[in-house]
Amino acid sequence: IAVSSYVANLAAFLTRRSLEGSVTTIDGAIARGWTICAHPVFKTKLPLAWPTAKFLFSESDNDFHGVLDDYTAGKCKALAIGWEDTSMDRSFLDKICKRELVYTESMFFE
């Protein structure tokens, strides 16, 4: 499961395609107590928007690939990643597909 967000208006929730009853919102991830991996650029805004959420901000210099690497390493069960930030990065999208993750239409914040 993964969460996606973007600083502007568009946000999506990434979710594993094959899981029935999967979590598709930030509220669902929070309710389950999941850690959410996020890019450090969101370090101030996300905790303000979602004070009860558990965030892990990537320390990698590898941009959003580093956030995905943290997810793959099992450091979190959700991802805060914006479609607008990643949609033009073919390599990143390939990694998302290999992990069977998809974007949803759930807003993370505006």
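Residues numbered from 1 in each chain as written. Predicted model: local features only at pLDDT ≥ 70, side-chain atom pairs only at ≥ 80, totals over all residues. Heavy atoms only, no water.

K.L.:
Whenever I open this one, the nonpolar core confuses me. Can you help?
P.N.:
The tendency in soluble globular proteins is for nonpolar side chains to be buried side by side. By size, the foremost hydrophobic cluster in this structure holds 26 residues, and its most contacted members are I36, L46, F55, L68, L79 and F108. Contributing elements (two or more residues each) for this core: α1 (26-31), β3 (35-38), β4 (54-57), α3 (63-72), β5 (78-80) and α5 (90-98). The greatest single-element share of this core, amounting to 4 residues, is contributed by α3. Not counting chain neighbours up to four residues away, the residues in contact with L68 comprise L79, F92, K95, I96, R99 and L101. (Core = buried A, V, L, I, M, F, W, Y, C linked by side-chain atoms within 4.5 Å. Buried < 20%, exposed > 50% of the residue type's maximum accessible area, 1.4 Å probe, protein only. Helix = DSSP H or I, 4+ residues; strand = E, 2+ residues; numbered from the N terminus. Contact = heavy atoms within 4.5 Å.)

K.L.:
Is there a simple way to think about the pattern of salt bridges in this case?
P.N.:
Where charged atoms from two side chains of opposite charge come close, those side chains can pair. Enumeration according to the criterion identifies 2 salt bridges in this entry. A salt bridge links D70 to K75, with the shortest nitrogen-to-oxygen separation between them at 3.5 Å. Residue K75 is classed as partly exposed on the basis of its relative accessible area of 48%. R90 is the salt-bridge partner of D94, the closest N and O atoms lying 3.6 Å from each other. Separated by 4 residues within a single helix, D94 and R90 lie in helix α5, roughly one turn from each other. Residue class for D94 comes out partly exposed when judged on its relative accessible area of 32%. (Salt bridge = Lys/Arg side-chain N within 4 Å of Asp/Glu carboxyl O.)

K.L.:
Before we go on, may I ask you to explain the pairing of β3 in this structure?
P.N.:
A regular strand places its side chains so that they alternate between the two faces of the sheet. The sheet contact formed by β3 and β4 spans 4 bridges and is parallel. Within the sheet, the bridge partner assigned to A38 lies in β4 and is F57. By the bridge criterion, 3 bridges tie β3 to β5 in an arrangement that is parallel. Its bridge partner being in β5, I36 is matched across the sheet by A78. (Pairing = 2+ DSSP bridges.)

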